[in-house]
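# Architecture at a glance
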Amino acid sequence: MRLYAVVAAGGFRRHATYRTATAAGVFTNTVFGFIVAYTYTALWEQRPQLGGYDLSQALTYVWLGQALLMTCAMMGGGFEDELMERIRTGDIAIDLYRPADLQLWWLASDLGRAAFHLMGRGIVPMALGALAFDLALPDNPLTWLAFLLSVFLGVVVSFSVRFLVALSAFWLMDGAGVGQITFLVGLFFSGMLLPLTLFPGLLGEIARSLPWSSLLQVPADVLLGRHTGWGLLGAFAFQAGWALALLTLGRLIQSVATRRVVVQGG
C-alpha cells in the first residue's frame with residue numbers, strides 16, 4: 001500500500017505544477033458558476049421549490065457542480081488519455097510486467113489528481129460563490145465529513161468508468177470516440193447541467209440509478225442534508241456498489257487484455 005500512497009502523492013504533485021492552468025481553471029469555474037447561478041435564480045424565482053430545492057439549495061448545487069467538475073473528471077481529462085496512448089503504442093506491455101497492479105496504480109494516481117483539483121479548483125470558486133450568494137452550507141462538521149466520503153466514492157466511480165473507456169483501446173486502438181460519447185452522457189446524467197431531481201418520470205428514475213449520479217447528484221444531496229440516517233447509508237451503499245461493480249468489471253477486462261498481450265508477445 002505504501003507504493004500506491006507514493007503514486008497518489010505523485011499524482012497530486014504532478015497536477016500542482018501546472019499553476020497557470022489551475023489559475024485559469026479557477027477563473028473559468030467561477031465565471032461559469034456566476035452565469036449558471038443567475039440562470040438558476042431566474043428559474044427558481046418563477047418555480048420555487050423546483051426539484052425539491054429552495055433557491056439557496058439550488059445555488060449551493062450550482063457551486064458544488066463547479067467544485068466537483070474537475071474533481072470527479074465529469075468531462076474526462078484524467079489518466080485515460082495517457083493510458084490509451086500507452087495501449088496504442090504498446091508501452092502497456094511494460095506496465096503489465098511491472099510488480100504493481102495496473103488498476104490500483106492508475107486509481108492511486110487519479111485519487112491524487114482528484115485531491116489536488118478539489119483543493120486547487122474547488123475551494124476558491126465555492127468560497128466566492130458563498131460570498132456572492134446565500135448558500136445552504138451545513139454547520140455540522142459530520143455533514144462535511146459525510147460529503148467528503150461521498151466525493152471520494154464518486155471519484156472512484158468516475159475512475160472506474162474512465163478505466164473501462166481506456167481499456168477499450170485494446171480492441172479499438174483509439175478509444176477517443178468511446179471516451180467522447182461516455183463523457184457527454186456522463187455530463188448529462190451526473191446532474192451537471194440540471195439536478196436529476198428535475199428529470200420527469202421514468203427518465204428521472206433511470207438517471208438517478210446510473211453510476212454517473214454518484215459524481216455530483218449524490219454528494220450534493222449529502223451536503224444539503226437530503227440523505228440522513230439510513231438514507232445516508234443507502235447513498236453510500238449506492239455509490240460503493242457501483243464502484244465495486246465497475247472496478248470488478250475493469251479487472252476482468254484487464255485480465256482478458258493481459259492474456260492477449262502475453263499471447264501476442266509470445
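For the structure itself, consult the block above.
Let us look at the structure shown here. Quantities reported herein were computed from a predicted structural model and do not represent experimental measurements. (Residues numbered from 1 in each chain as written. Predicted model: local features only at pLDDT ≥ 70, side-chain atom pairs only at ≥ 80, totals over all residues. Heavy atoms only, no water.)

## Side note on the packing of helix H1 (residues 2-16) against helix H6 (residues 102-132)
- At their nearest, the axes of H1 and H6 sit 7 Å apart, and the two run at 40° to each other. Put simply, H1 runs oblique to H6. Crossing handedness for the pair H1 and H6: right-handed. For the pair H1 and H6, the contacting residues are Leu3, Tyr4, Val7, Ala8, Gly11, Phe12, His15 and Ala16 in the first and Leu104, Trp105, Ala108, Ser109, Gly112, Arg113, Ala115, Phe116, His117 and Met119 in the second.
- For the contact of H1 with H6, a count of residues per class yields 12 nonpolar, 5 polar and 1 charged. (Axes fitted to C-alpha atoms, helices over the stretch in contact; angles between N-to-C directions. Helix = DSSP H or I, 4+ residues; strand = E, 2+ residues; numbered from the N terminus. Parallel < 35°, antiparallel > 145°, perpendicular 65-115°, else oblique. Left-handed = near helix turned anticlockwise from the far one by under 90°. Contact = heavy atoms within 4.5 Å. Nonpolar A, V, L, I, M, F, W, Y, C, P; charged D, E, K, R; others polar.)

## Here's the deal with H6
- Along its 31 residues, H6 runs 44 Å from first to last C-alpha, staying within 8% of the 45 Å computed at 1.5 Å per residue.
- At Gly122, H6 shows its largest kink, close to 40°, and the proline Pro125 lies no more than four residues downstream.
- Its side-chain oxygen 3.1 Å from the backbone nitrogen of Gln103, Asp101 forms the N-cap of H6. (Expected span 1.5 Å × (residues − 1). Bend = angle between axes of the 7 residues up to and from the residue. Polar contact = N/O pair within 3.5 Å; in protein donor to acceptor, adjacent residues only side chain to side chain.)

## Observations concerning helix H2 (residues 19-46)
- Along its 28 residues, H2 runs 41 Å from first to last C-alpha, staying within 8% of the 40 Å computed at 1.5 Å per residue.
- Among all positions of H2, only Thr22, Gly25, Val26, Asn29, Thr30, Gly33, Ala37, Tyr40, Thr41 and Trp44 are buried. (Buried < 20%, exposed > 50% of the residue type's maximum accessible area, 1.4 Å probe, protein only.)

## Describing the environment of Val26
- Looking at the element boundaries, Val26 is found in helix H2.
- Sequence-wise, Val26 and Gly122 are 96 residues apart; in three dimensions their C-alpha atoms are separated by 7.7 Å.
- With near-sequence residues (within four places) excluded, Val26 lies in contact with Gly120, Arg121, Val124 and Pro125.

## Quick look at the side chain of Gln254
- With respect to the helices, strands and loops of the structure, Gln254 is situated in helix H12 (residues 230-265).
- The class for Gln254 is buried, based on a relative accessible area of 10%.
- Among residues more than four places away in sequence, those in contact with Gln254 are Asp101, Leu102, Gln103, Phe163 and Leu167.

## Focus on the environment of Arg113
- Looking at where Arg113 falls in the secondary structure, it is placed in helix H6.
- A sequence separation of 97 residues divides Arg113 from Ala16, and the C-alpha atoms of the two residues are 8.7 Å apart.
- Those residues in contact with Arg113, other than ones at most four positions away along the chain, are Gly11, Phe12, His15, Met70, Thr71, Ala73, Gly78 and Arg162.
- Within the local environment of Arg113, its side chain forms a polar contact with the side chain of Asp110, the two groups lying 2.8 Å apart.

## Examining unusual backbone geometry
- Positive phi, close to 65°, is recorded for Gln49, a residue that is not glycine.
- Considering the arrangement of structural elements, one finds Gln49 in the loop between H2 and helix H3 (55-68).
- Residue Ala73 is not a glycine yet carries a positive backbone phi of 50°.
- Counting through the fold element by element, Ala73 comes out in the loop between H3 and helix H4 (80-89).
- Judged by its relative accessible area of 3%, Ala73 falls in the buried class.

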